[in-house]
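# Chain and residue survey
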Number of protein chains: 2
Amino acid sequence: MDLGFVGLGLMGRPMVLNLLKAGHSVRVWARREAALAPVVAAGAVACESLAAVAEGATVVFSCVADAPDVAQVADGVAEGAAAGLVFADMSTIAPAAARDIAARLAERGVRMLDAPVSGGEVGAIAGTLTIMVGGDADAFEIARPAFAAMGKSVNRVGESGAGQVAKACNQILTGVGVAAVAEALNFAQKSGVDPARVREALLGGFAYSRILENHGQRMLDRNFKPGFKAWMHQKDMRIVMEEAHQLGLALPAAAVTAQMFNALVGSGMGEDDSIAMLKLLEAMSGGAEA
Amino acid sequence: MDLGFVGLGLMGRPMVLNLLKAGHSVRVWARREAALAPVVAAGAVACESLAAVAEGATVVFSCVADAPDVAQVADGVAEGAAAGLVFADMSTIAPAAARDIAARLAERGVRMLDAPVSGGEVGAIAGTLTIMVGGDADAFEIARPAFAAMGKSVNRVGESGAGQVAKACNQILTGVGVAAVAEALNFAQKSGVDPARVREALLGGFAYSRILENHGQRMLDRNFKPGFKAWMHQKDMRIVMEEAHQLGLALPAAAVTAQMFNALVGSGMGEDDSIAMLKLLEAMSGGAEA
């Protein structure tokens, strides 16, 4: 398929490489020359403008930092778009922002999908991302083969914004999950019981989660390398809490977790993986020893 | 093996039936005649006193409500115990209380294991409980074949009290997990997105947990029948928070979850399953509809 891709960062670069590997042709644009080199070397075509990325493309993807970036990319892409172009934004932004951008693009004949991902850099490289999609069903079917090259769990959840809502739910579950696992392992340690044996005993029961299995093991290994950086989870929890504020919705466990991410970043651990939550709790209880 | 069992409630009764099915002989005692009938019909031997349950037994199990009950059963059992008897308490009590009772029994030649369980009535009936054991390694090996008849995940976690510490960790993870799933599904619903499709999209990624899979489905089915009653999880969270207070340990996510269980019981939903957490959040945000 003829594709475009904007946003060649930690996530975007390996996603483009997987699209090329699956046989798609990919037109790319980046502000920095350096970001282009590795994907052009693998066969992507560098363009001079956002509009040029859209020319002749069936689907243009973006994977950037925040809502204003998405809006800017969307504007540029719309300039070069043929009628019916699908614009699939894979960034994590607020559901309301995604719906606004989609509505503006619709007036210009571009169909937008919000398609945020979960799984981190590891998942982007392996092509095993979870992709949560909101928007028109026909547009989703057009983009589906390309999504399949980047993710292993690809689901259309509902209309415009629904992908971002699902991502927000994902960040509630993973953020609160990391907090719970960190609290449990620190509780075991401070009670004089080996947290590794507690984790092992609990994996077979209702306490099982992928967070306990994967992130729990990394906590035991004291491997705080990202993965998924604490400041990024902090940003995502801010989106969740702002959305909850708009909806008049109480999220007690997510709220306290958002505060813990604030404390994590405030303690200088923002560049660590979000599992540095364990170090925060340890610092609040006399250190890592029992 | 010659076994004794005290505490023939919702959990204890099916556990005794599984011991009998596995070919063990089981001596039982209960305050109420009615509690005895179903296990005696299946082959258990009714005794006149706690001391009589212990006579000739290699291991005596108990599964009762709270620490004072365990202490009382332990006293009675010690009266009839031959030297070296293993007393395996499967109730959920505070780690410190378990260690105290174990120390007093040790003076009378009885070896105590703390062996609380997870998996609820369903797990007790199916013989698929998670059993978390603290105490002497030799005593654990003696009791292991009997544990294997009641649970599928049986682990010795450490010395006396370690089983209760693991159970506390389990209740942190499952309690906070239920809160997080309830918050995420209510967030989706109030955002106008089908919570069933959100759950489906997230099951394939890092947000996967057995709580999202099982309890999440029951929330969608609005099946609030226990399972595991909210007031019981409230009780277990009280043990966790008291222990954290003793240890000088902050558990922010567990603390807010404990408060939500308080609110659940205070709202008259204590006899519902702990997943009634969803109804509590709905009541705080205008009801079950979007």
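Quick caveat: nothing in here was measured; it's all calculated off a predicted structure.

Analysis parameters
The residue count restarts for each chain, going from 1 along the sequence in the order it is written. Chains carry letters and ligands carry numbers; both start at the beginning, A for chains and 1 for ligands, and go up in the order they are written. The predicted nature of this model means local features are confined to residues of pLDDT at least 70 and side-chain atom pairs, given and counted, to a pLDDT of 80 or more, with totals for whole chains, interfaces and linings taken over all residues. To get the side-chain values, all heavy atoms of the structure are used, and hydrogens and water are removed first. Helix and strand definitions follow DSSP, with helices as H or I runs of at least four residues and strands as E runs of at least two, each counted in order from the N terminus. The length a helix should cover is 1.5 Å for every residue beyond the first. The classification of residues rests on relative accessible area computed with a 1.4 Å probe and restricted to protein chains. Under 20% of the type maximum is buried, over 50% is exposed, and intermediate values are partly exposed. By convention here, the domain bounds are inherited from an automatic or database domain assignment. In what follows, a contact means two residues having at least one pair of non-hydrogen atoms within 4.5 Å. Here the quantity called buried area is the accessible surface, traced with a 1.4 Å probe, that two parts lose on coming together, added over both. By definition here, a salt bridge exists when the distance from a side-chain nitrogen of Lys or Arg to a carboxyl oxygen of Asp or Glu is within 4 Å. Counted as a polar contact is a pair of N or O atoms within 3.5 Å, where, for protein atoms, one must be capable of donating a hydrogen and the other of accepting one, and residues adjacent in sequence contribute only when both atoms are in side chains. We call Asp, Glu, Lys and Arg charged. Ala, Val, Leu, Ile, Met, Phe, Trp, Tyr, Cys and Pro are nonpolar, and the rest, Gly among them, are polar. Between 30 and 60 degrees the pair is tilted, below 30 it is stacked and above 60 it is edge-to-face, where a pair is any two Phe, Tyr or Trp rings, Trp via its six-membered ring, whose centres lie within 6.5 Å. Here, a charge over a ring is recorded when the distance from Lys NZ or Arg CZ to the ring centre is within 6 Å and its angle to the ring normal is within 35 degrees. Here the bend at a residue means the angle between the axes of two seven-residue stretches, the one that ends at it and the one that starts at it.

### Structural notes on helix H8 (residues 162-190) of chain A
Residue and element names in this part refer to chain A. Here H8 contains 29 residues, and its C-alpha end-to-end distance of 42 Å stays within 8% of the 42 Å for a straight helix at 1.5 Å per residue. Counted residue by residue, H8 has 28 buried out of 29 residues, so it is predominantly covered. Phi turns positive, to about 80°, at Gly-192, one or two residues after H8.

### Points about the domain arrangement of chain A
All names here are of chain A. Here chain A is described as being made up of domain 1 (2-158) and domain 2 (165-284). Measuring from the centre of the C-alpha atoms in domain 1 to the corresponding centre in domain 2 gives 29 Å. At the junction of the two partners, domain 1 supplies 13 residues and domain 2 supplies 9 residues. Taking both sides of the interface into account, the surface hidden between domain 1 and domain 2 amounts to around 1,000 Å²; carbon and sulfur atoms contribute 59%. Counting the surface domain 1 buries against domain 2, the share from its top three residues, Thr-92, Pro-95 and Met-132, is 41%. The interface formed by domain 1 and domain 2 holds 1 salt bridge in total. With its nearest N and O atoms 4.0 Å apart, the salt bridge here joins Asp-66 to Arg-238. Counting across the domain 1 and domain 2 interface gives 5 residue pairs in polar contact (both at pLDDT 80 or more). Looking at the side of domain 1 that touches domain 2, the elements that each hand over two or more residues are helix H5 (95-107) and strand E7 (117-118).

### Details of the interface of chain A and chain B
On the side of chain B, 63 residues touch chain A, which itself brings 63 residues to the contact. At the boundary of chain A with chain B, total buried surface from both sides reaches about 5,300 Å², with 73% on carbon and sulfur atoms. For chain A, the biggest contributors to the area lost against chain B are Leu173(A), Phe187(A) and Phe206(A); these three give 16% of the whole. Our enumeration of links across chain A and chain B arrives at 0 salt bridges. Linking chain A to chain B there are 14 residue pairs in polar contact (both at pLDDT 80 or more). Counting residues per element, the ones that place at least two in the side of chain A that touches chain B are strand E8 (129-134), strand E9 (151-158), H8, helix H9 (195-203), helix H10 (210-220), helix H11 (230-247) and helix H12 (252-266) of chain A. The element that contributes the greatest number of residues to the side of chain A that touches chain B is H8(A), accounting for 19 residues. Class assignment for the residues of the side of chain A that touches chain B results in 38 nonpolar, 16 polar and 9 charged.

### Digging into the pattern of salt bridges
Residue and element names in this part refer to chain A. Tallied over the entire structure, the rule returns 24 salt bridges over all chains. As a salt-bridge pair, Arg-108 and Asp-75 come within 3.3 Å of each other at their nearest N and O atoms. Placement of Arg-108 in the loop between H5 and strand E6 (111-114) and of Asp-75 in helix H4 (residues 67-80) is noted, with a sequence separation of 33 residues between them. When the shortest N-O distance is used, the salt bridge between Lys-235 and Asp-236 registers 3.8 Å. Relative accessible area serves as the criterion here: at 16%, Lys-235 is assigned to the buried category. What makes Asp-236 buried here is its relative accessible area of 5%. Among the charged side chains, a salt-bridge network with shared partners connects Asp-66, Arg-238 and Glu-242.

### Observations concerning the packing of aromatic side chains
Scanning all chains against the criterion turns up 7 aromatic pairs over all chains. Here the aromatic rings of Tyr208(A) and Tyr208(B) are separated by 6.1 Å at their centres, their planes lie at 50°, and the arrangement is tilted. Of the two residues, Tyr208(A) is situated in the loop between H9 and H10 and Tyr208(B) in the loop between helix H9 (195-203) and helix H10 (210-220); the pairing between them involves two chains. Pair check on accessibility: Tyr208(A) and Tyr208(B) agree, each one buried. Taken together, the ring pairs in this structure connect Phe5(A), Phe61(A), Phe140(A) and Phe147(A) into an aromatic cluster. Across the ring face of Phe206(B), the terminal group of Arg210(A) is positioned such that the distance to the ring centre comes to 4.4 Å. Residue placement shows Lys279(B) over the ring face of Phe224(B); its charged tip is 4.6 Å from the ring centre.

### A word on helix H7 (residues 137-150) of chain A
Residue and element names in this part refer to chain A. Between the first and last C-alpha of H7 there are 19 Å, a value that for 14 residues agrees with the 20 Å anticipated at 1.5 Å per step. Bending of H7 peaks at approximately 50° at the position of Arg-144, with proline Pro-145 no more than four residues after it. When H7 is considered as a whole, its buried residues turn out to be Ala-139, Phe-140, Ala-143, Ala-146, Phe-147, Ala-149 and Met-150. Sitting at the head of H7, Asp-136 places a side-chain oxygen 3.2 Å from the backbone nitrogen of Asp-138.

### Points about unusual backbone geometry
All names here are of chain A. For the bond from Pro-226 to Gly-227, the omega torsion is 5°, close enough to zero to count as cis. Turning to its location among the elements, Gly-227 is positioned in the loop between H10 and H11. Phi at Arg-222 is positive, roughly 50°, even though this residue is not glycine. Relative accessible area serves as the criterion here: at 39%, Arg-222 is assigned to the partly exposed category.

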